[in-house]
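Okay, here's what each chain looks like letter by letter:
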Amino acid sequence: MATEGGGKEMNEIKTQFTTREGLYKLLPHSEYSRPNRVPFNSQGSNPVRVSFVNLNDQSGNGDRLCFNVGRELYFYIYKGVRKAADLSKPIDKRIYKGTQPTCHDFNHLTATAESVSLLVGFSAGQVQLIDPIKKETSKLFNEENSCQHLWKADWNEDRQDEGSKTSEEALVTVQRLIDKSRVTCVKWVPGSESLFLVAHSSGNMYLYNVEHTCGTTAPHYQLLKQGESFAVHTCKSKSTRNPLLKWTVGEGALNEFAFSPDGKFLACVSQDGFLRVFNFDSVELHGTMKSYFGGLLCVCWSPDGKYIVTGGEDDLVTVWSFVDCRVIARGHGHKSWVSVVAFDPYTTSVEEGDPMEFSGSDEDFQDLLHFGRDRANSTQSRLSKRNSTDSRPVSVTYRFGSVGQDTQLCLWDLTEDILFPHQPLSRARTHTNVMNATSPPAGSNGNSVTTPGNSVPPPLPRSNSLPHSAVSNAGSKSSVMDGAIASGVSKFATLSLHDRKERHHEKDHKRNHSMGHISSKSSDKLNLVTKTKTDPAKTLGTPLCPRMEDVPLLEPLICKKIAHERLTVLIFLEDCIVTACQEGFICTWGRPGKVGSLSSPSQASSPGGTVV
């Protein structure tokens, strides 16, 4: 209930907000939740997470949504800004006993209308590979093979009248041979149909291959690479088995990791407050950063791979330059821990200016953004079209967002005055412009390491409409992926040292794993001390953790309370923004100019409504 005077207005749930693009509006009819729509009692439960996949079917309804609430996992058709699917009829629903799902990830490479591979991590340490379309469970990882997990698929008596078939599954709490701690993050390795990476609250990460078994005995490890506060081991066995690699990173839980847009680099954030960025193929540490205080909880890459944003227990968002390996800005707007950060590739803008030199090709522009969603086809087309004319772009503004335990959504703009504080804002730039990715990063020992990808985010028209779908580059999709996979992951061969085969079709792109490519020059590091505790008091005021007054402080464009419980999801899609809170409500916010594209006039004219 709205109040006059300032008292309670600050605690009001907002259902719309305005930025320079126009009005963003909550769409109540597009909300997803548990079928009963009752707020979930989130005490002691793992965060609600959301994953998307596009099945590339011909119906125009190819998007699918997966989310976990408590011990339940749901799989629905996702309709964006249109009316949500019938919540009483999920494509697949699973209820787990003895453990809870904590995170999940789809394999976008292998997804079809008939089958999709979904990885699910659990609070008791297991990782499950399921197909929610075929309603099959393929494999269970980090579980003793001799102890079969219980499975039954039956009608749920409470849901018979709704026509919903429910899968009830009990993952028996037996000895987990690889890691007994909670799974904090699971992701498919970019460009691979079979490799995936799993992080645990123990501080360990494991690389798996879905085609290999985990074995019936605990794995034995052999040191592969060692450095400051990290170590990487291979699994020592007569036959190839999982895990292929074990990473031990920092102190305390490894809260999240994210691959760079080209898949070459891996950014990890840990409870010890450190961001660590690795070259994933060579297992080399590229750079580090320390939070102002407390643990870091979330991390994301800019669409061009030049910047990393983190959030955590210091209530700040921190922007770190990949090229310079330093903090370039902090943002203060949240009043509690920041739980998710994400870049918006559809609102990041490129403005035209004076002619300038550009380093890169059309494919450099294209293959970077292809690692995002297929929705970004219009983005790629726009970049390619602009690059094929005169090289005129200069001014770049990165848009990113954050959500936190304070139930607030913040949007931020990272502008040229922050990126290039010592440069004129709108004149030609040939060395430090955001288009040039050829400068080696600090501390690279002379190696010509470039940023992960050489493209810039798409321009946003100066109107309320956002980029529309484009199909002009559909024919080049396969060649784009060829270049991306060949450049980003060609160093992998199988652990059994099979010859790597060159593949030229999109469905054949695979990323296999080999240790042979890791250079011998790093072997002298194998005897370094791995655990070197860093005193926080000694890092403050250093490049690892500059003082607050030493770096620019960003203010949010908007900072709005949008939920009753802590926010756990923020995903930017082409026509909407998706958020979710711990009560189990997945909300869709229509972008400016997109709400009018609803299927019926009655839906298009529906009021903004209130958040449940």
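Residues numbered from 1 in each chain as written. Predicted model: local features only at pLDDT ≥ 70, side-chain atom pairs only at ≥ 80, totals over all residues. Heavy atoms only, no water.

A count of helices and strands for the chain gives 6 helices and 35 strands. Per-residue burial over the chain gives 57% buried out of 612 residues. Considering only intrachain contacts with a sequence separation of at least 6, the fraction spanning at least 24 residues in the chain is 63%. Surface accessibility of the chain: about 24900 Å² in total, with carbon and sulfur atoms responsible for 49%. (Helix = DSSP H or I, 4+ residues; strand = E, 2+ residues; numbered from the N terminus. Buried < 20%, exposed > 50% of the residue type's maximum accessible area, 1.4 Å probe, protein only. Contact = heavy atoms within 4.5 Å. Areas by Shrake-Rupley, 256 points an atom, 1.4 Å probe, with all protein chains shown as cover.)

Of note, the bond from Asn242 into Pro243 is cis; its omega dihedral lies within 30 degrees of zero at -5 degrees. Position of Pro243 among the secondary structure elements: in the loop between β17 (230-236) and β18 (245-249). Positive phi, close to 65 degrees, is recorded for Thr407, a residue that is not glycine. Following the sequence through the fold, Thr407 ends up in the loop between β29 (393-404) and β30 (408-414).

On to the nonpolar core, then. Judged by nonpolar contacts, the single largest core of 24 residues is most densely connected at Tyr32, Val50, Phe52, Phe67, Tyr78 and Val578. Two domains each provide a minimum of three residues to this core, namely domain 1 (46-146 + 169-248) and domain 2 (260-350 + 394-420 + 539-594). Val189, Leu195, Ala199 and Val232 belong to the second-largest nonpolar core, a separate cluster that totals 22 residues. (Core = buried A, V, L, I, M, F, W, Y, C linked by side-chain atoms within 4.5 Å. Domains from an automatic or database assignment.)

What follows deals with the pairing of strand β13 (residues 183-188). With 5 of 6 residues buried, β13 lies mostly within the body of the structure. As judged from the 5 bridges shared by β13 and strand β14 (residues 195-200), these two strands associate in the antiparallel manner. Bridge pairing links Trp188 to Phe196 in β14. Counting the residues in the hairpin turn of β13 and β14 gives 6 residues, including Gly191, whose phi is positive at 85 degrees. (Pairing = 2+ DSSP bridges.)

The next subject is the pattern of salt bridges. Throughout the structure, instances matching the rule amount to 11 salt bridges. Salt-bridge contacts for Asp413 lead to Arg20; the nearest nitrogen and oxygen are separated by 3.5 Å. Of this pair, Asp413 sits in strand β30 while Arg20 sits in the loop between β1 (16-19) and β2 (22-26), and the two are 393 residues apart along the sequence. Given the relative accessible area of 38%, Arg20 is considered partly exposed. Across the pair Lys225 and Glu284 runs a salt bridge whose closest N-O atoms are separated by 3.4 Å. With Lys225 in strand β16 (residues 220-227) and Glu284 in strand β22 (residues 284-290), this residue pair connects regions lying 59 residues apart in the sequence. As far as the burial class goes, Lys225 and Glu284 line up, both buried. Each member of the salt-bridge network shares a partner with another, and the members are Arg20, Glu21, Arg399 and Asp413. (Salt bridge = Lys/Arg side-chain N within 4 Å of Asp/Glu carboxyl O.)

Here the focus is the UniProt feature "repeat: WD" (unreviewed entry) in the chain. Look at the UniProt record and you will see "repeat: WD" (unreviewed entry) annotated at residues 289-321. Between the C-alpha atoms that bound residues 289-321 there is a distance of 10 Å. The span itself is 0% helix and 61% strand. (UniProt positions renumbered as here; feature names shortened; annotations may be inferred.)

This part takes up the sheet that holds strand β31 (residues 553-554). Strand order in the open sheet formed by 5 strands is β23-β24-β25-β26-β31, and the pairing between neighbours is mixed. Edge positions in the sheet fall to β23 (296-301) and β31, since each of these pairs with one other strand and no more. Looking at chain direction, strand β25 (residues 316-321) and strand β26 (residues 326-332) are connected through 6 bridges and run antiparallel. Pairing of Val317 across the sheet is with Gly331, part of β26.

Moving on, we come to empty space enclosed by the protein. Unfilled space is identified by rolling a water-sized probe across the atoms. This model, assessed by the stated rule, comprises 3 cavities of 30 Å³ or more. The computed volume of the largest cavity comes to approximately 50 Å³. Forming the walls of the largest cavity are 10 residues, and the residues nearest its centre are Ile562, Ala563, Leu567, Thr579 and Cys587. Among the elements of the structure, β34 (576-581) and β35 (586-590) are those that each provide at least two residues to the lining of the largest cavity. (1 Å grid on protein atoms, 1.4 Å probe; cavity = no way out; pocket = protein on both sides within 12 Å on 5 of 7 lines; lining within 4 Å. Points joined across faces, edges and corners; volume = space filled by probe spheres on them.)

The next subject is the sheet that holds strand β33 (residues 567-572). Reading across from one edge, β1-β2-β35-β34-β33 is the order of the 5 strands in this open sheet, with antiparallel pairing throughout. Each end of this open sheet is capped by a strand with a single partner; those strands are β1 and β33. Across this sheet, the average inter-strand angle for adjacent strands is 20 degrees, counted without regard to direction. Inspection of the sheet shows β1 paired to β2 by 4 bridges, in the antiparallel sense. Residue pairing for β2: Thr19 is matched across the bridge by Gly22. (Axes fitted to C-alpha atoms, helices over the stretch in contact; angles between N-to-C directions.)

On to the state of the cysteines, then. All chains considered together, the criterion is met by 0 disulfides. Unpaired in this structure, Cys185 has its nearest cysteine sulfur neighbour in Cys103, at a distance of 6.1 Å. (Disulfide = S-S within 2.5 Å.)

Taken as a whole and assessed by the stated rule, the structure comprises 26 aromatic pairs. Summarising the aromatic geometry, the rings of Phe265 and Phe322 are spaced 4.8 Å apart at their centres and angled 75 degrees between planes, so their arrangement reads as edge-to-face. Of this pair, Phe265 sits in strand β20 (residues 265-270) while Phe322 is found in the loop between β25 and β26, placing the two residues 57 residues apart along the sequence. Phe265 sits in the buried class, given a relative accessible area of 4%. Residue Phe322 is classed as buried on the basis of its relative accessible area of 1%. Ring geometry for Phe400 and Trp412: centres 6.1 Å apart, planes at 10 degrees, overall stacked. Here the residue Phe400 occupies a position in strand β29, and Trp412 occupies one in strand β30, the gap between them amounting to 12 residues. An identical accessibility class is assigned to Phe400 and Trp412; each is buried. Here the aromatic residues Tyr32, Phe52, Phe67, Tyr74, Tyr76 and Tyr78 are joined through ring pairs into a cluster of three or more. Positioned over the ring face of Phe274 is Lys290, at 6.0 Å from the centre of the ring. (Phe/Tyr/Trp six-rings, centres within 6.5 Å; stacked < 30°, edge-to-face > 60°. Lys NZ or Arg CZ within 6 Å of the ring centre and 35° of its normal.)

This part is about the environment of Ile13. Looking at the secondary structure, you find Ile13 in the segment before β1. Residue Ile13 is classed as buried on the basis of its relative accessible area of 18%.

Moving on, we come to the environment of Phe585. Looking at the secondary structure, you find Phe585 in the loop between β34 and β35. With 548 residues separating them along the chain, Phe585 and Arg37 place their C-alpha atoms 8.0 Å apart.

Turning to the confidence of the model for the chain, a few remarks are in order. On average, residues of the chain score 75 in pLDDT, and 63% of them are at 70 or above. Within the model, pLDDT remains below 50 along residues 145-165, and this stretch shows 41 contacts once partners closer than five positions in the same chain are excluded. Taken together, the stretch residues 454-532 has pLDDT below 50 and engages in 202 contacts with residues farther than four places along the chain or on a different chain. (pLDDT = per-residue confidence, 0-100.)

It is worth spelling out the environment of Lys139 at this point. Structurally, Lys139 is set in strand β10 (residues 136-141). Between the alpha carbons of Lys139 and Val210 there is a distance of 7.9 Å; along the sequence they are 71 residues apart. The contacts of Lys139, once residues within four sequence positions are left out, are Val127, Gln128, Leu129, Val210, Glu211 and His212. For Lys139, the side chain forms a polar contact with the main-chain oxygen of Val210, separated by 2.3 Å. (Polar contact = N/O pair within 3.5 Å; in protein donor to acceptor, adjacent residues only side chain to side chain.)

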